[in-house]
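# Breakdown of the fold
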Amino acid sequence: MNTFTKLILTAICIVLMVTGKTFAQGLTPFEGEKTSWHGFDRYDYLMDTETFAITPFKATPEERTGMDDKNTPKGKIRCIVIVPKAPAAGNPATWRGYYWDHESQSEVELLKRGFHVVYCNIDPGKQWEAWYDFFTKHGLTKKPAFSGMSRGGINEYAWATTHPDKVSCLYADNPAIRPESFAALNLLVKNDIPVFSLVGTEDFLLPTNTLPIEDIYLRLGGRMTMMIKEGTAHHPHSIKDATFIADWVEQNIKPTVSDPLFADTAAYVKTYYYSLENKYQFLKIENTYATVRGPMFTPTYDVYMAKSASRYGIKGLTIIAPNKPAAGNPWVFRADRVLGRDATVEQALLAKGYYIVIPPITAQSGPVRKDWDKIYATLTAKGFSKKPVMEGTGAYAGEAYEWSIYNPDKVSCIYVDNAAMRSLMEKKAPVDTLAPLAAAHIPTLHVSGANDPWLATDTRVAEQKYKALGGSMTVITIPGEGHFPRVPRDPAPIVAFIVKNTKQ
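Attention in this report is confined to the structure presented alongside it. Not measured: the values here are computed from a predicted model.

### Observations regarding the overall build of the protein
If you tally the helices and strands in the protein, you get 14 helices and 21 strands. In terms of overall dimensions, the protein has a C-alpha envelope of 90 × 65 × 45 Å along the principal axes. Expressed as a percentage of the 504 residues in the protein, the buried residues total 53%. If you take every contact in the protein between residues at least 6 apart in sequence, the share linking residues at least 24 apart comes to 71%. Element-wise, carbon and sulfur atoms account for 56% of the exposed surface of the protein, whose accessible area totals about 23300 Å². The protein carries 56 positive and 52 negative side-chain charges, and their two centres are separated by 5 Å.

Spelled out as structure tokens, the structure:
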């Protein structure tokens, strides 16, 4: 190293020491005399409740890792920052909603991963805003993660619904929530704020707080992971091995980034789709099991819904994107407007790289063929396969058939479930106009309950006519079932049929 280089490095070090800046992370060191908290540096502060002025304060040895309000002067509130030994990139932080140092194992684990821990011993209000300004000016993230236990849940939901641009994710532990926050949960989904709820099966707040929150999140297309501890009540909070909690926070502190096949994503509202399959996970230290479900336990897919100006809340075109599109960008043109959380066939197709495309119904007369034509033209121009799979259930099966009959060169195969072979697109029933599909050698698959009243009058009639025209139709009947399936479909034979007929 030459003399000039040494001088430059020395000058940089002097500047950093004088300005108090940590160059690598953009951090300003926290002022005051530090103490220790679970092996990490702790800085305590007092905030004036009226002026919001924040000044250093030293915790007494008697407080150990906790905080004693008896040591707080009148007109002041306590604030705390815990500093990791090596800050992670972006200077992430987790903000405790209330009850300092109670079941703090997740904060300790996050500190080991480079997170700061911040705390303000008051409910949300102007003081929280002042505290947020204080630690973000020191270089911490402007979108901290939050942890809230019980009353802390009230606080994290209150802050997040009034400051959704200042939150990355919420860990809610047997949380409570105020009505005004519950009414504003849509803002959390709109700002893509995921939630992880850790609750006990016998928590008194579970049926009135957590489950209704999950229901709203599901209805709005948000991401909510659940872990329900078997045989536990409101206490104890957390789990002894906090690895999962820290993993979840670490995975969700950054916004989801995707690069969909269609580039004009500004024209769409992004939400998420995932199965609600329950799984059972053993918690070794607690010696109990937990029911788990949601994005951390099942594949989760991006949903893009075209923005709609309808005053009636009519949804626009919906595209569910696979995490890894298959070669040729195959897609399912699904006539039905709703995709249930138990849609095993579509979930299996998404896992194989198929897009699921759901057209809207915007006309009083029902589905309109020219609208579907426009969707097809738009998507194929963006690189989607020119021969989608047509799919429909019940009367939507007839709509899928009808569009296919007018566009036999644009269809790879047809899969329908408990089909009612009628359509609002045309006066003639599809069962009477199958010739174009047979001529184009379009394979079809019907799945039907053996007791479905439409089986004999529609599927069997269509099967007879289609085969007479030289077409290929496979019919699978489910013994003991009627029109409404009692259990989700076995996706294996259906997916095998679709994959076979969509190979490039």
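### Let's talk about the sheet that holds strand β15 (residues 318-321)
An order of β11-β14-β15-β17-β16-β18-β19-β20-β21 is seen for the nine strands of this open sheet, with the pairing classed as mixed. The strands lining the two open edges of the sheet, one partner per strand, are β11 (268-274) and β21 (473-478). Here the average twist between neighbouring strands, direction ignored, is 20 degrees. For β11 and strand β14 (residues 300-306), the ladder comprises seven bridges, and the chain directions are antiparallel. Pairing of Tyr-268 across the sheet is with Ala-306, part of β14. Together, β15, β16 (331-334), β17 (355-358) and β18 (389-393) form the strand contacts of helix α10 (residues 369-381), whose direction differs from that of β16 by roughly 165 degrees. With respect to the sheet, helix α13 (residues 453-468) is in contact with β20 (444-449) and β21, its orientation differing from that of β21 by roughly 155 degrees.

### Side note on the pattern of salt bridges
Using the criterion set out here, one finds 27 salt bridges in the structure. Its salt-bridge partner being Glu-33, residue Lys-58 comes within 2.9 Å of it at the nearest N-O pair. One end of the pair, Lys-58, is in the loop between β3 (54-57) and β4 (76-83); the other, Glu-33, is in the loop between α1 (3-19) and β1 (35-37), with 25 residues separating them in the sequence.

### Some words on the nonpolar core
With 43 residues, the main nonpolar core has Phe-30, Tyr-45, Trp-95, Trp-131, Phe-135, Tyr-157 and Leu-170 as its most contacted residues. Those residues in contact with Trp-131 that sit more than four places away from it in its chain are Tyr-45, Met-47, Ile-54, Cys-79, Ile-80, Val-81, Trp-95, Val-118, Tyr-119 and Cys-120. Membership of the second largest hydrophobic core comes to 38 residues, among which are Trp-403, Ala-419, Ala-438 and Tyr-466.

### Concerning the layout of surface pockets
Taken as a whole, the largest pocket encloses approximately 870 Å³ of empty space. Lining the largest pocket are 29 residues, with Arg-219, Leu-220, Thr-271, Met-305 and Lys-315 positioned closest to its centre. Elements that contribute at least two residues to the lining of the largest pocket include exactly α6 (185-190), α7 (206-220), β11, β14 and β15. Among the elements that make up the lining of the largest pocket, the one with the highest residue count is β11 (five residues).

### Focus: the side chain of Asn-329
As for its placement among the helices and strands, Asn-329 is situated in the loop between β15 and β16. Classification of Asn-329 by relative accessible area gives buried; the value is 17%.

### Re the state of the cysteines
Taken as a whole and judged by the stated rule, the model has zero disulfides. Counting only cysteine sulfurs, Cys-120 is the nearest neighbor of Cys-79, a cysteine outside any disulfide, at a range of 3.7 Å.

### Some points on the pairing of strand β7 (residues 145-149)
Of all the five residues making up β7, five are buried; the element is thus mostly covered by neighbouring parts of the structure. The alternating pattern of β7 places Ala-145, Ser-147 and Met-149 on one face and Phe-146 and Gly-148 on the opposite face, and all of these are buried. Of the strand pairs in this sheet, strand β5 (residues 93-96) and β7 are connected by three bridges, and their pairing is parallel. Residue pairing across strands places Arg-96 opposite Ser-147, the latter belonging to β7. Taken together, the five bridges between β7 and strand β8 (residues 169-173) define a ladder with parallel strand orientation. Within β8, the residue paired with Ala-145 across the bridge is Cys-169. Between the parallel pair β7 and β8, the chain is carried across by helix α4 (residues 151-162), and the sense of this crossover is right-handed.

### Overview of the packing of helix α9 (residues 344-351) against helix α14 (residues 491-501)
Look at α9 against α14: their axes get within 9 Å of each other, and the N-to-C directions meet at 50 degrees. Accordingly, the angle class assigned to the pair α9 and α14 is oblique. The interaxial crossing formed by α9 with α14 has right-handed handedness. Contacts between α9 and α14 involve Thr-344, Val-345, Ala-348 and Leu-349 from the former and Pro-491, Ile-494, Val-495 and Ile-498 from the latter.

### What to know about unusual backbone geometry
Residue Pro-236 is bonded to the preceding His-235 through a cis peptide linkage, with omega at 5 degrees. Counting through the fold element by element, Pro-236 comes out in the loop between β10 (224-229) and α8 (243-252). Positive phi, normally seen in glycine, also occurs at Asn-91, with a value near 50 degrees. Relative to the assigned elements, Asn-91 resides in the loop between β4 and β5. Phi angles above zero are rare outside glycine, and Asn-329 is one such case at about 50 degrees.

### Overview of a nonpolar patch on the surface
Together, Tyr-280, Phe-282 and Tyr-289 make up a nonpolar patch on the protein surface, roughly 330 Å² of accessible area in all. Summarising the element assignment, Tyr-280 is placed in strand β12 (residues 279-283).

### A word on the side chain of Thr-291
In this structure, Thr-291 sits in strand β13 (residues 288-293). Filtering out sequence-adjacent residues up to four positions away, Thr-291 remains in contact with Met-226, Met-227, Ile-228, Glu-230, Asn-278, Lys-279 and Tyr-280.

Here is what the cut-offs are and how they apply
- Residues numbered from 1 in each chain as written.
- Predicted model: local features only at pLDDT ≥ 70, side-chain atom pairs only at ≥ 80, totals over all residues.
- Heavy atoms only, no water.
- Helix = DSSP H or I, 4+ residues; strand = E, 2+ residues; numbered from the N terminus.
- Buried < 20%, exposed > 50% of the residue type's maximum accessible area, 1.4 Å probe, protein only.
- Contact = heavy atoms within 4.5 Å.
- Areas by Shrake-Rupley, 256 points an atom, 1.4 Å probe, with all protein chains shown as cover.
- Lys, Arg positive; Asp, Glu negative; His and termini not counted.
- Charge placed at Lys NZ, Arg CZ, Asp CG, Glu CD.
- Pairing = 2+ DSSP bridges.
- Axes fitted to C-alpha atoms, helices over the stretch in contact; angles between N-to-C directions.
- Salt bridge = Lys/Arg side-chain N within 4 Å of Asp/Glu carboxyl O.
- Core = buried A, V, L, I, M, F, W, Y, C linked by side-chain atoms within 4.5 Å.
- 1 Å grid on protein atoms, 1.4 Å probe; cavity = no way out; pocket = protein on both sides within 12 Å on 5 of 7 lines; lining within 4 Å.
- Points joined across faces, edges and corners; volume = space filled by probe spheres on them.
- Disulfide = S-S within 2.5 Å.
- Right-handed = clockwise from strand over helix to strand, strands pointing away.
- Parallel < 35°, antiparallel > 145°, perpendicular 65-115°, else oblique.
- Left-handed = near helix turned anticlockwise from the far one by under 90°.
- Patch = residues over 30% accessible without salt bridge, like charges linked within 9 Å, V, L, I, M, F, W, Y side chains within 5 Å.

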